[in-house]
Structure formats: C-alpha cells, structure tokens
Amino acid sequence: MKKLLAMLMVCTLPILALTGCGESPLLNKFATSKNGPDFLCMVSDKLSTFKTNIQNKMTAPVQQPEGEGEEETTPTFDFSALSGDEAASSVWQDKVWEVVDKANTENMFAMMAYNIYEKNQDFAYADLSFMSTTESEILKDFYIEKTNSVNGTSTYISHLSGLEAPSLNLPVPHASKPELVDRADDVIKQLGNYLEFTVSKRDISTEIKIDAGFVMPTEQDVQKARAGTDILYQMMVESNQVVIIYDHENQTYTKLVTFTVQPNGEVKKFVKKLDGDATQTGNLTGGIDYEYTLKPAENAKYDICCDYTITYSAGDGGVFCQQKRENNAYTWAEYYLVETAELVGRIKQNNVSHRTTIDLLLNQDLISGSIKYNFQRSSISKNTTAFLRDEQVLRKDFTLFTQDEIAVAKSNSALNAQILAYVISEDKLRVDYASNS
C-alpha cells in the first residue's frame, strides 16, 4: 500500500465527471470577459486544482487514535477500483495527463504570439515557466519582438542563447558531427539562434507557425558569446560569415561559421574546421564541414515548433487550439465553460499509427468529475464525436460510451483499443470499461 500511495503522489492526472444516467440537459455555454490567453490559463488552473484536490484525497491518511503506533494508514478516499486494476492505473498515470499537459502547455506558448498580435504590440514579455520545473529567468521573462508586418501577417522573433537547459523544452543547437565539437563550439553554438512566430488573421481564427532557425549574428552578439574566453573572431558580413580563431591541444585552428540563405528563405548554419590561423595569409589547410540544427533535446517533454490554429470566442466562452505537425499528425484541444459553472473539454491526438481522444467534464466543486480515455489503432479507428462546438454533443452525457466504442473495445485487444472512464465523486473513484458496458 505504501508503494501504491507513493506512486499516486506523483500522479498528475486530472479526472472529470460523469453525472449518472437519466435525463441529460444541454450544458449551455456562457460568455466570458477573459481574452484567449487568460481563458486558457484559467482552464489550466482549474485542471491543476482539480488534479491536486483528487491527489490529496487519495493520499490523506485516516487519523490514528492517540497512543497508537505508526501503523500503515489508508486514505479516506476509496480508490480501490484503481489500485486493484493495473491496466486502468497505467492509463491513469502514464497516458492521460501526459496528453492533456503536453497539448495545453504547447498551446499556451502559441497563445503568447496570439496575444501580442491581438494587442498590436511591437514587443512583449511572457512568463512561460510552466513549461519546465527548472527555475529559469529565460522562461519567467520570455521576450519576443515584432520584425515585420505585411498584409495582416506579422512576424516575431525571440533570440535563444544556445545554452538553454534541455529541461526548458526550447530548441537547442545540435552538431551533425559531434566529434568535431570542441571549445570553439561553446561560442559557435550561441550565435544566431532564434524562434520565429508567424501570425496571420483568418475569418474566425488565427494561424500561428512557430519555427526554430538561424540569423547572421551582430558583432555585439559575437562579443557577448566569446566574453571571458581567449577566442578571437572576425566578422565577414558580406559573406554572412563569422571567423573563429582559437588554440586547442597546442594547435591553432580556424572555424568558419557561415549562415547560408536557401532558395526557400531558410537560413542554414554551417561550420568548416581548418588547420591554422585565418588571419595569416596562406596558413590554412584541410577543411571539414558540419552543420548545426535547432531542435529540442532528446528528453524534452514538449515540442513547440509546429503550425497552430487558434479560435477564441468570448461570446460563448470557448477556445479551440489545433496543432499540426509533419506526416499529417495533429493535436487539438477544445474547452468551454457552461452556465452551470462546469468545464467541458476534448483533447485529441492523431498520427499515422493511432488516435487518442480524451473527453473531460469538470464539476464546479473541483472535487468531482470524470474523464473518458479512448485509444484506437488507426486500422480500427472510428469517427469520434464531432467537435464540442457542435451544440448537440455538448451534453452532460458526452463522456458516456458510444455503441461504436463498445463494439471496438469488445472485439479488439488492449494493444489495439483501450476505452475506459474514470468517474469521481466526493468520496470514491470508479473505473468503467467500454467492453463491460
């Protein structure tokens, strides 16, 4: 039991509410005065508060009579249905919140660009520290500035130092030939890194594209990168090059850092390593090329670089955020507040191999609620219920199993389909399977 309680202490899963059988009146949306980013922050806060409340209930011990020994105690909350079900516990801990947390966090990063565009600002600071458990001034005071605006499309950039910790989930420099990386690269990897946000207004939505890329650094950038070192440099602005001269293992080398503009406008960052000192004519020999790319660290939890579509409506208190990635993979999250103060939501991930849909209903008390988890391999995936913007699916029973889900769950193994719901009341958690309906 102690092991299980310890395991649940690190569980970060919000669970949301089914309201029972019988009559299910529509959950009517209501207007909100919040803007898009504030609304999504409020949603995340409600999910986090609910998660914490349930987690605390699962680990709250029974008060021992005075004078009793330190015997193992049990929570006042009945979660025996989960503690005795390995499959349900695995989905609960390892899958559901990972999808919810990843989608919401990445969407909030795009919302920063949405906000500065909607306010017509030339620059802005944002607190993005929720993207990492690491204390970082980079994320607590994240800065972006406008660089261009044409025909309703604005471009913003944020410079990256190249020294960001992997835990910050920001793109970091990667060399194509790690064996050529030496102390000169401590300077080189800091040169010309940035995030670019391209924002365009559509009829009812805002399109945002986040890319990582390179730009020719200024001389001040190079001076800052080499500060405190004995590394020398020359700026070759006409050829988009920075020449780095340094000693390594009792030999002098030169590295030519070239920022090359491709036909499609993309800037690539190439490095050529040469023997000798470039400031001395005819002294260079050899030459080995390698390339830098910007991408998240291998263990990064989030990947913010993709295409986003954001639709926010203050009139009906809803937000819709879709992320598109390569190979037609996408994630979208949609949330609404309703007149009875419940929060309803749907998150969906889709790629070439599988589809995962999570339906949420969070009660006003932030103690009771339910979540439906639907995983299906692409070969058996059925069309899931329409977007929540369709009023006909915005019902108190929208997390109940459909006949298609029941049929799929009964006829396929757990490796191909898992469809289950976690139902929370004030004192109990219940697990339901579509295959047992």
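Residues numbered from 1 in each chain as written. Predicted model: local features only at pLDDT ≥ 70, side-chain atom pairs only at ≥ 80, totals over all residues. Heavy atoms only, no water.

## Structural notes on the overall build of the protein
The cut-off we apply is this: We count a stretch as a helix when DSSP gives it H or I for four or more residues in a row; a strand needs E for two or more, and each element gets its number in order from the N terminus. Only protein chains enter the area calculation, which uses a 1.4 Å probe; residues under 20% of their type maximum are buried, those over 50% are exposed, and those in between are partly exposed.
Each helix and strand in the protein was counted, giving eight helices and 19 strands. Across the 437 residues that make up the protein, the buried fraction comes to 47%.

## Here's the deal with the pattern of salt bridges
One side chain can pair with another of opposite charge once the charged atoms of both are near each other. The line we're drawing: Should a side-chain nitrogen of Lys or Arg be within 4 Å of a carboxyl oxygen of Asp or Glu, the pair is scored as a salt bridge.
Taken as a whole and assessed by the stated rule, the structure comprises 21 salt bridges. With a closest N to O distance of 3.5 Å, Lys273 and Asp182 form a salt bridge. Note that Lys273 is positioned in strand E10 (residues 267–275) and Asp182 in the loop between strand E4 (172–175) and helix H6 (185–188), a separation of 91 residues in sequence. Between Asp397 and Arg395 there is a salt bridge, and its shortest N-O distance comes to 3.5 Å. The partly exposed category is assigned to Asp397, whose relative accessible area is 25%. Using a relative accessible area of 27% as the deciding quantity, one classes Arg395 as partly exposed. Among the charged side chains, a network of salt bridges with common partners joins Asp182, Asp185, Lys255 and Lys273.

## Regarding the environment of His248
Operational definition: Any two residues whose heavy atoms approach within 4.5 Å are treated as being in contact.
With respect to the helices and strands, the residue His248 is situated in strand E8 (residues 241–248). Classification of His248 as partly exposed rests on a relative accessible area of 22%. Considering only alpha carbons, one finds His248 and Arg183, 65 residues apart in sequence, at a separation of 7.6 Å. With residues up to four places along the chain from it excluded, the contact list for His248 reads Asp182, Arg183 and Tyr253.

## Section: the side chain of Asn104
For Asn104, the location among the structural elements is in helix H4 (residues 86–118). Overall, the relative accessible area of 5% leaves Asn104 in the buried class. Apart from residues lying up to four places away in sequence, Asn104 is in contact with Leu40, Ser44, Leu47, Ala333, Tyr335 and Ile347.

## Here we look at the pairing of strand E11 (residues 285–295)
Basically, it comes down to this: Two strands pair if DSSP finds at least two bridges between them.
In this structure, E4 lies alongside E11, joined through four bridges in antiparallel fashion. Among the inter-strand pairings, Pro173 is bridged to a residue of E11, identified as Leu294. Examined bridge by bridge, E10 and E11 share six bridges and lie antiparallel to one another. Directly across from Lys272, in E11, lies its bridge partner Asp289.

## As for the sheet that holds E4
What counts here: The axes are straight lines fitted to the C-alpha atoms, using for helices just the contacting stretch, and the angles between their N-to-C directions are given from 0 to 180°.
The strand order across the open sheet built from six strands is E4-E11-E10-E9-E8-E7, with neighbouring strands paired in antiparallel fashion. Of all strands in the sheet, those with a lone pairing partner are E4 and strand E7 (232–236), marking the two edges. Neighbouring strand axes in the sheet, compared pairwise and without regard to direction, differ in orientation by 25 degrees on average. Bridging between E8 and strand E9 (residues 251–261) involves eight bridges; their strand directions are antiparallel. Looking at the pairing, Asp247 lines up with Thr252 of E9.

## Here's the deal with the side chain of Asp359
Short version of the rule: Think of a polar contact as two N or O atoms within 3.5 Å of one another; within protein, one of them needs to be a possible hydrogen donor and the other a possible acceptor, and neighboring residues in sequence only count if both atoms come from side chains.
Position of Asp359 among the secondary structure elements: in strand E16 (residues 354–362). Under the relative-accessibility criterion, Asp359 is labelled buried at 4%. Only 2.5 Å separates the side chain of Asp359 from the side chain of Arg346, close enough to count as a polar contact. Non-local contacts of Asp359, meaning those with residues more than four positions away in its chain, are made with Gly345, Arg346, Ser370, Ile371, Lys372, Phe398 and Thr399.

## Description of the nonpolar core
For clarity, the cut-off: Residues belong to one nonpolar core when they are buried, are Ala, Val, Leu, Ile, Met, Phe, Trp, Tyr or Cys, and are joined through side-chain atoms within 4.5 Å.
Counting residues in each nonpolar core, the largest one holds 69 residues, and the members touching the most others are Phe109, Phe142, Phe197 and Tyr335. By residue number, the principal contributor to this core is H4, which donates 17 residues. In contact with Phe197, other than residues within four places in its own chain, are Phe109, Met112, Ala113, Phe142, Ile144, Ser154, Thr155, Tyr156, Ser158, Lys209 and Ile210. Within the second largest apolar cluster, 24 residues are counted, among which are Met216, Met235, Ile244 and Tyr292.

## Here we look at helix H8 (residues 403–411)
How we decide: In this context, the arc is that of the directions from the helix axis out to the C-beta atoms.
Burial in H8 covers these residues: Glu405, Ile406, Val408 and Ala409. With its buried residues spanning 165 degrees around the axis, H8 presents them on a single face. Exposed residues on H8 whose side chains face more than 90 degrees from its buried face are Gln403, Lys410 and Ser411. Those residues of H8 hidden inside the fold are in contact with strand E17 (369–377) and strand E18 (417–424).

## Looking at unusual backbone geometry
With a phi close to 65 degrees, Asn250 is a non-glycine residue in the positive phi region. Note on Asn250: relative accessible area 85%, which makes it exposed. We note that Leu366 has phi near 55 degrees; this positive angle belongs to a residue other than glycine. When you line up the elements, Leu366 lands in the loop between E16 and E17. Overall, Leu366 belongs to the buried group, its relative accessible area being 15%.

## A short note on the environment of Ser435
Mapped onto the elements, Ser435 comes out in the segment after strand E19 (429–433). Under the relative-accessibility criterion, Ser435 is labelled partly exposed at 30%. Separated by 24 residues in the primary sequence, Ser435 and Ser411 place their C-alpha atoms 8.5 Å from one another. Those residues in contact with Ser435 that sit more than four places away from it in its chain are Ala409 and Lys410.

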